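Each chain, written out:
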Amino acid sequence: KDYVEFLSPVYTQQASVSKEELGSTAPRGDKTNKNRVIIGYVHMGIGLQETLAKIEETKQMIVFFTLLLVMLGILLSVTLVKMIASPINALVEAAERIASGDLSQRVHVATDQELERLALAFNTMCDSVQKTQRELELHNQNLEQMVRERTQKLEEAQQQVLQSEKMAAVG
């Protein structure tokens with residue numbers, strides 16, 4: 001069976017204490033290695049198959065979590081795009097309906113400040129166009145009424161001219 005071996009020395013600290021230092025606390029953190037003595041070795045082995053199995057398991061988990069994060073990122077991106085595009089699509093659809101003559105269209109957007117302002121401007125424009133169209137229709141009706149009145153007056157004048165010609169012819 002394959003395995004990886006580790007060999008490490010085990011040290012001890014040899015303390016030389018003078019009679020004056022007996023009973024006092026020894027200084028800590030002696031950075032010098034002059035008092036270290038090897039008293040043995042630790043020999044350790046780790047099975048290679050187990051280690052490789054753990055590495056493979058870790059790789060599979062990394063791939064799984066990476067795919068999970070990518071899927072979540074895509075889902076979040078699609079959701080955000082829909083949230084942003086939905087009010088814009090509503091504006092486009094309303095503009096197309098208005099272009100086809102339906103001036104009753106209004107857009108209600110309650111998401112983004114800029115889109116709300118755009119929808120408000122769009123609705124104000126629709127109100128203005130609708131008001132102007134009503135005024136034009138009213139003006140057109142007035143013009144038609146005036147044309148009818150003038151036509152009637154012309155017909156009456158023509159009748160009077162015909163009547164006078166008949167009278168002149170008889171007379």
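For the structure itself, consult the block above.
Residues numbered from 1 in each chain as written. Predicted model: local features only at pLDDT ≥ 70, side-chain atom pairs only at ≥ 80, totals over all residues. Heavy atoms only, no water.

## Some details on the pattern of salt bridges
Under the counting rule described, the total for this entry stands at 2 salt bridges. One salt bridge in this structure joins Lys 59 and Glu 56, with 3.6 Å as the shortest N-O distance. Taken together, the residues span about one helical turn, with Lys 59 and Glu 56 both in helix H1 (residues 48–99) at a distance of 3 residues. Judged by its relative accessible area of 46%, Lys 59 falls in the partly exposed class. By relative accessible area, Glu 56 is classed as partly exposed at 37%. The closest approach of N and O atoms between Arg 97 and Glu 93, which form a salt bridge, is 3.8 Å. In this pair, Arg 97 and Glu 93 are both assigned in helix H1, 4 residues apart and thus about one turn of the helix distant. Residue classification places Arg 97 among the partly exposed positions, given a relative accessible area of 38%. With relative accessibility at 42%, the residue Glu 93 sits in the partly exposed group. (Salt bridge = Lys/Arg side-chain N within 4 Å of Asp/Glu carboxyl O. Helix = DSSP H or I, 4+ residues; strand = E, 2+ residues; numbered from the N terminus. Buried < 20%, exposed > 50% of the residue type's maximum accessible area, 1.4 Å probe, protein only.)

These values are about where atoms sit, not about what they do.
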